[in-house]
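# Structural description and commentary
Spelled out from the first residue to the last, the chains are:
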Amino acid sequence: MSAPQNLEEFMALALAMEREAVERYTEFADTMDTHNNREVAAMFRTMAGYENKHAQQIMAEMGWKEAPPLRATLTWPDFEAPETVAIDEVHYLMQPWHALQLALAAEQRAERFFAELARVATDDSVRRAALELQAEEAEHVALVKQWLDKVPQPDRNWAEDPDPPRYSD
Ligand code: ZN
């Protein structure tokens, strides 16, 4: 990955990451709603709300009306943005504990991402912005951990559906 050269590039990258996280968390919430898993849906929607606020903060800070285009070489190390939860990690019977584990991993990836950017930044304003965003992601990590403490751990057979969905043709 090539590091952002200036604050605009850095913030454009951060914005793209936050927006992708919002999209994915919302997608998951919708999937959970479809399967009447209201509790997990609500958690994903809350996370989407946080990341959306984050995206708006970045827009406001930069005075942007719309997201700027990303430089082509400024790519994610992986296929998807670091804060995005992989789509195949979601199971329709998942419990709040599972959802929170996925969210935790995504938020930790985001935190590491900003830490790494702060480390490689050659510009002071970029480093400051990276550290600020890292701190905010650390807050998200702490929040998800607090939620995890409050939900029961699933038992071994959580993925066995006593009343599996039936499809008629
Ligand atoms: Zn976050």
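Now for a description of the structure that goes with this document. (Residues numbered from 1 in each chain as written. Predicted model: local features only at pLDDT ≥ 70, side-chain atom pairs only at ≥ 80, totals over all residues. Heavy atoms only, no water.)

## Some details on the overall build of the chain
On a plain count of helices and strands, the chain comes out with 4 helices and 0 strands. The N-to-C order of helical and strand elements in the chain reads α-α-α-α. In the chain, which comprises 169 residues, the share counted as buried stands at 40%. Looking at the chain alone, contacts between residues at least 24 apart form 82% of all its contacts between residues at least 6 apart. Just so you have it, the chain exposes about 9,800 Å², and 50% of that area is on carbon and sulfur atoms. (Helix = DSSP H or I, 4+ residues; strand = E, 2+ residues; numbered from the N terminus. Buried < 20%, exposed > 50% of the residue type's maximum accessible area, 1.4 Å probe, protein only. Contact = heavy atoms within 4.5 Å. Areas by Shrake-Rupley, 256 points an atom, 1.4 Å probe, with all protein chains shown as cover.)

## A few points about the environment of R127
One can find R127 in helix α4 (residues 124-150). Separated by 121 residues in sequence, R127 and N6 have C-alpha atoms that sit 9.8 Å apart. With sequence-adjacent residues up to four places away left out, R127 is seen in contact with A118, A121 and T122.

## Quick look at the packing of helix α2 (residues 38-62) against helix α3 (residues 96-120)
Contact pair α2 / α3: the axes reach a minimum separation of 9 Å and the direction vectors enclose 20°. By the criterion of interaxial angle, the relationship of α2 to α3 is roughly parallel. Read as a crossing pair, α2 and α3 show a hand that is right-handed. Side by side, α2 and α3 meet where E39, V40, M43, F44, M47 and E51 of the first sit next to P96, A99, L100, A103 and E107 of the second. Each residue belonging to the contact of α2 with α3 can be placed in one class, and the counts come to 8 nonpolar, no polar and 3 charged. (Axes fitted to C-alpha atoms, helices over the stretch in contact; angles between N-to-C directions. Parallel < 35°, antiparallel > 145°, perpendicular 65-115°, else oblique. Left-handed = near helix turned anticlockwise from the far one by under 90°. Nonpolar A, V, L, I, M, F, W, Y, C, P; charged D, E, K, R; others polar.)

## A short note on the packing of aromatic side chains
The final tally for this structure, using the stated rule, is 3 aromatic pairs. Measuring from ring centre to ring centre gives 5.3 Å for F113 and F114, while their planes differ by 65°; the resulting arrangement is edge-to-face. A relative accessible area of 7% means that F113 is categorised as buried. By relative accessible area, F114 is classed as buried at 0%. Members of the aromatic cluster, connected to one another through ring pairs, are Y25, F28 and F44. (Phe/Tyr/Trp six-rings, centres within 6.5 Å; stacked < 30°, edge-to-face > 60°.)

## A closer look at the pattern of salt bridges
For the structure shown, the criterion picks out 6 salt bridges. For R45, the salt bridge identified is with D30, shortest N-O distance 3.2 Å. Of this pair, R45 sits in helix α2 while D30 sits in helix α1 (residues 7-34); the two residues are 15 residues apart in sequence, bridging distant segments of the chain. R45 gets classed as partly exposed once you look at its relative accessible area, which sits at 35%. According to the relative accessible area criterion, D30 is partly exposed, its value standing at 40%. For D124, the salt bridge is made with R127, and the minimal N-O distance between the two is 2.7 Å. Placement of both D124 and R127 in helix α4 is noted, with a separation of 3 residues, approximately one turn of the helix. (Salt bridge = Lys/Arg side-chain N within 4 Å of Asp/Glu carboxyl O.)

## Focus: the environment of T46
Among the secondary structure elements, T46 is positioned in helix α2. Put simply, T46 and T26 are 20 residues apart on the chain and 9.2 Å apart in space, counted from C-alpha to C-alpha.

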